[in-house]
Structure formats: structure tokens, C-alpha cells
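So the chains spell out like this:
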Amino acid sequence: MSEVTIYEVGPRDGLQNEKGVIATEVKVEFIQRLLAAGLPIVEATSFVHPKWVPQLADAAEVMAALGDAGRDLPVLVPNERGLDRALELGVRHIAVFGSATETFAQKNLNRSLDEQFAMFEPTVARARAAGIDVRAYVSMCFGDPWEGAVPVDQVVGVGKRLFDLGASELSLGDTIGVGTAGQVKDLIAAFTDAGMQLDDLAMHFHDTYGQALANAYSALQAGVTTFDASAGGLGGCPYAKSATGNLATEDLVWMLRGLGIETGVDLDAVVTTSVWMAEHLGRPSPSAVVRALAQSDS
Ligand code: HMG
Ligand code: MG
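Note that the coordinates shown come from a computational prediction; the quantities given were computed from them, not determined experimentally. (Residues numbered from 1 in each chain as written. Chains lettered and ligands numbered in written order. Predicted model: local features only at pLDDT ≥ 70, side-chain atom pairs only at ≥ 80, totals over all residues. Heavy atoms only, no water.)

A look at the packing of helix α9 (residues 181-193) against helix α10 (residues 212-221)
Inference 1: α10 packs onto α9 with a crossing angle of 35° between their chain directions and a minimal axis gap of 8 Å. α10 is crossed by α9, and the crossing has right-handed handedness. Only Ala 214, Asn 215, Ser 218 and Ala 219 of α10 make contact with α9, whose side of the interface consists of Ala 181, Val 184, Lys 185 and Ile 188.
Inference 2: Its residues assigned to classes, the contact of α9 with α10 comprises 5 nonpolar, 2 polar and 1 charged. (Axes fitted to C-alpha atoms, helices over the stretch in contact; angles between N-to-C directions. Helix = DSSP H or I, 4+ residues; strand = E, 2+ residues; numbered from the N terminus. Left-handed = near helix turned anticlockwise from the far one by under 90°. Contact = heavy atoms within 4.5 Å. Nonpolar A, V, L, I, M, F, W, Y, C, P; charged D, E, K, R; others polar.)

Structural notes on the site of ligand 1
Inference 1: Taken together, 28 residues lie near ligand 1, and Gln 16, Asn 79, Arg 111, Ser 139 and Thr 175 sit nearest.
Inference 2: Gln 16 places a side-chain nitrogen or oxygen 2.8 Å from an oxygen atom of ligand 1.
Inference 3: The contact in question runs from an oxygen atom of ligand 1 to an N or O atom on the backbone of His 49, over 2.9 Å.
Inference 4: A total of 1,100 Å² of accessible area belongs to ligand 1 in isolation, and the protein chains cover 75% of it.
Inference 5: Elements with a minimum of two residues in the shell around ligand 1: α1 (10-14), α5 (80-88), α6 (102-109) and β5 (133-139).
Inference 6: Top contributing element to the shell around ligand 1 by residue count: α5, with 3 residues.
Inference 7: Here the residues of the shell around ligand 1 sort into 12 nonpolar, 11 polar and 5 charged. (Near = heavy atom within 4 Å. Polar contact = N/O pair within 3.5 Å; in protein donor to acceptor, adjacent residues only side chain to side chain. Areas by Shrake-Rupley, 256 points an atom, 1.4 Å probe, with all protein chains shown as cover.)

So, the nonpolar core
Inference 1: Counting 92 residues, the largest nonpolar core has Ile 94, Leu 170 and Met 203 as the members making the most contacts within it.
Inference 2: Met 203 has contacts with Phe 142, Ser 171, Leu 172, Val 184, Ile 188, Ala 219, Val 224, Thr 226, Phe 227 and Asp 228, leaving out every residue within four places of it along the chain.
Inference 3: With 6 residues, the next largest nonpolar core counts Ile 176, Cys 237, Ala 240 and Ala 243 among its residues. (Core = buried A, V, L, I, M, F, W, Y, C linked by side-chain atoms within 4.5 Å. Buried < 20%, exposed > 50% of the residue type's maximum accessible area, 1.4 Å probe, protein only.)

Concerning the pairing of β5
Regular strands place their side chains on alternate faces of the sheet.
Inference 1: Burial runs high along β5: 6 of the 7 residues are buried.
Inference 2: Bridging between strand β4 (residues 93-99) and β5 involves 7 bridges; their strand directions are parallel. Residue pairing for β5: Ser 99 is matched across the bridge by Ser 139.
Inference 3: In this view, the connection linking β5 to its parallel neighbour strand β6 (residues 169-174) by way of helix α8 (residues 152-163) has right-handed handedness. (Pairing = 2+ DSSP bridges. Right-handed = clockwise from strand over helix to strand, strands pointing away.)

Looking at α9
Inference 1: With 13 residues, α9 extends 18 Å from end C-alpha to end C-alpha; this agrees with the ideal 18 Å at 1.5 Å per step.
Inference 2: Every buried residue belonging to α9 is among Val 184, Leu 187, Ile 188, Ala 190 and Phe 191, and all of these are buried. Along the axis of α9, the buried residues cluster in a sector spanning 155°; they form a single face. Seen from the open side of α9, the exposed residues pointing more than 90 degrees away from its buried face are Lys 185 and Asp 193.
Inference 3: Immediately beyond the C-terminal end of α9, within one or two residues, lies Gly 195, with a positive phi of roughly 100°. (Expected span 1.5 Å × (residues − 1). Arc of directions from axis to C-beta.)

Notes on the pattern of salt bridges
For side chains of opposite charge, pairing can occur when their charged atoms come near one another.
Inference 1: Applying the stated rule across the entire model yields 13 salt bridges.
Inference 2: A salt bridge links Lys 160 to Asp 164, with the nearest nitrogen and oxygen atoms 3.8 Å apart.
Inference 3: Lys 160 gets classed as partly exposed once you look at its relative accessible area, which sits at 21%.
Inference 4: Connected through salt bridges with shared partners, the residues Arg 12, Asp 13 and Glu 43 form a single ionic network. (Salt bridge = Lys/Arg side-chain N within 4 Å of Asp/Glu carboxyl O.)

Written as C-alpha cells, this is what we have:
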């Protein structure tokens, strides 16, 4: 393997979980700096209900400020109302997000496991008819804070059903970061046994238990080549008890660089961006690579 695609989620998964309100212009500069650092895909924001995620209530302002560049960036959309809002701004890539468990479907989407599909089905169909590319996330793939272990068959069933609505990619989320490398290998094998192509899978790790990089390595060895990551390791999910930051983009790039795998990302530029963002957030980045490289610069 010689190339990996990094799908940057810091401005969305990272900032959705911040206690304080980040100014719109800081969010816009964050996205622009990540793009300038060579990240090929930056998920910009969310068109969810603003009361559910007030941190991203300025989604329309962020997209308007990004102008043409913004239209190529994916945004989270849960339902037709979210799609309408995104369409008004000329968005060309959306991501829907389902849950592998009943409890998280209720807590995150106010729907049962089955009802979530009734919400996604018309959303994805209308998006596809409008020529919009759709990514699908499935959350709680490795464990759920309320339900504990999640059966692999249940994850594969939900994931396939979401993908088959018409998605171009399925991102498997370890929302609370409890997964380990062996489970990652087994889950990917279960998806390929069920007919999914490795090229259609992405992995989305959170680092709650410090396993995100080991899990990414395990998935890489299994043949997955798209990884979600967040600059500086920002992140979490406001509706998932105990979820902390995503796999840090810098940790991933550092490992891949050591393996001779190309990402097109300027590591120093991402580190500088994360240090700048940490100043706005008022706390240092949890990423060991950010800390080490920022230290060596000073
Ligand atoms: P609901 O309350 O059931 O909504 O919420 P509803 O369909 O009953 O509608 C109620 C009202 O909300 C209506 O207004 C709608 O128009 C309005 P009214 O007619 O009463 O005046 N409404 C909206 N307004 C603006 N934008 C919208 C929208 N939708 C409805 N999109 C809903 C259901 C899905 C909207 C809500 O549960 C929600 O917004 N949830 C989002 C939660 C969220 O964003 N979580 C974080 C992202 S997921 C994540 O982080 C995991 C991930 O990273 C992967 C991983 O780590 O596993 C992706
Ligand atoms: Mg996440």
C-alpha cells in the first residue's frame, strides 16, 4: 500500500463537543488552514437541529464564508430538513449518521433503530437525485456506553443497510473509543464477508482508551485506506457518554510517514494549526505528536 486518504473531521466532530462557543471566523480559518495543509477532505459542519448541537448552529454562516471552496466539503445531515438547508447553500457532499444500537439511536437522533432508516431513506434518495455524494456513518461499532458489547452481526446489518441506501462510503465509528485491534480486524472481515469492498470502508476512531492509532494500524493491515482523524485530537460526541477526542490527524500522519505511505499532508502545517486552535480553546492538544513537534519548534 502506498497511499492513504485522511478524512479530516476536526471542524465538525471536534468543535461540536466544545463547551464554549467558537467564533464563526475562527471555524472558517480552521477549515481554510486544514485545506491549505493538504488535507484532501475536511468535514466542515453539521446541518442538525441547532438546539441539539448549538456549537454548530452557525453552519450556514460557515458555509457562506467559505464560498466556492465550501461546496466541495462534506457536511453532516440527519434528515430532509437538514438536506434542504444544505441544498440552499449549494453543498455537494453530505454525510448521514446512523446508530448500530437502539439506545444511541434514541439519544442521538430521537428515533428507534428502525425509525432512523425512515429518516435517512428519503434524505439519501433526494440527495442522490440532486447529484449529491453521500457518506454514511455507523456509530457504536465496538461498544455502547448503555448497551455494552455490540454484536458484530448487528453492526454489519445496520452498516450494510445504510450503505445500500445509496452511499459511496461507509465510515465505521468507534464512538466511545473502546475498540481494540483484534476487534477491528474481525469487524472489517465481517463486512467484507457480507460483500462490502474495502475501498468503500473508512474507519473512524476515538481515542478514549488510547487505542485509536493501534486500531488504525490494524485496519490498515486489513486493507482499509481511508481514515477519519481530527487535527490536534479534538472531538467527542455530545450525546455519547464518555466519548473523547478523535484519532489525532498528526498521530496518524506521523505513523503513516514512518511506513512510507503518502497522504499529501504537510505535518508541520497541521501542527501549527492545532497549536493555534488550542490557544482559541484555552487548553493544549491531547496529541503526543503535536506536543512533541510543537516543543521541538520552540
Ligand atoms: P427531532 O426533535 O426528533 O426533530 O430531532 P423532528 O423531526 O421531530 O422536528 C422537530 C423540529 O425540529 C421541527 O421544527 C423541524 O423542522 C426541526 P418545527 O416544525 O417544530 O418548527 N428540525 C430541524 N431544524 C433544523 N435543522 C434540522 C432539523 N431537523 C428537524 N436538521 C434530529 C431529530 C435528528 C433533528 C435531532 O435528533 C438532531 O439534530 N440530532 C443530531 C445529533 C448530533 O448532531 N449528534 C452528533 C453527530 S453524530 C457523531 O458525532 C458520531 C460520528 O462522529 C461517528 C462516531 O463517532 O461514531 C458521526
Ligand atoms: Mg465521531
